[in-house]
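# Architecture and fold: a report
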Amino acid sequence: KVEMSTVYITQDTPGRNFLPAKKYGALKGLLEGNVQIVLSAEPVIRKLRNRLRNFSDDDFLLLTGDPVIMGIAITVAMEVNHGRANLLKWDKRESSYYEVFVDMFHTEDYYDD
């Protein structure tokens, strides 16, 4: 059985069309648009850990909504996927998403000081 990639949308954003991201995988929302982090991030962290527990190199994070929630989602995805995450970034000019692969523990040194 071949697993299809999943595009995890950090927060529902009313009026935003996420359909162009479907070419990367099945769209799945993580949090409702009205979720706010006010006094404690713990409930959001718990939800995101549960919903991203199967995040892998085949999946993508589409970052939208509260910047703090975006940061937590990236952290949780990297926590379960060995420091790696595929992110989707919107290109206004092209009206499409492009991939940004992040590997926090990549050991090769690209820059010689």
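First, a word on what this report is: a plain description of the structure on this page.

Calculation notes
- Residues numbered from 1 in each chain as written.
- Predicted model: local features only at pLDDT ≥ 70, side-chain atom pairs only at ≥ 80, totals over all residues.
- Heavy atoms only, no water.
- Phe/Tyr/Trp six-rings, centres within 6.5 Å; stacked < 30°, edge-to-face > 60°.
- Axes fitted to C-alpha atoms, helices over the stretch in contact; angles between N-to-C directions.
- Helix = DSSP H or I, 4+ residues; strand = E, 2+ residues; numbered from the N terminus.
- Parallel < 35°, antiparallel > 145°, perpendicular 65-115°, else oblique.
- Left-handed = near helix turned anticlockwise from the far one by under 90°.
- Contact = heavy atoms within 4.5 Å.
- Nonpolar A, V, L, I, M, F, W, Y, C, P; charged D, E, K, R; others polar.

We now examine the packing of aromatic side chains. One pass over the structure, following the stated rule, counts three aromatic pairs. Between W90 and Y97, the ring centres sit 4.7 Å apart and the planes meet at 65°, which makes this aromatic pair edge-to-face.

Now for the packing of helix α1 (residues 42–51) against helix α2 (residues 67–80). In contact at an axis separation of 10 Å, α1 and α2 are set at 45° when each is read in the N-to-C sense. Between α1 and α2, the crossing angle belongs to the class labelled oblique. In this structure, α1 meets α2 at a crossing whose hand is right-handed. Taken together, the residues of α2 that come into contact with α1 (itself represented by V44, I45, L48 and R49) are I69, I72, A73, V76 and E79. Taken together, the residues that form the contact of α1 with α2 break down as seven nonpolar, no polar and two charged.

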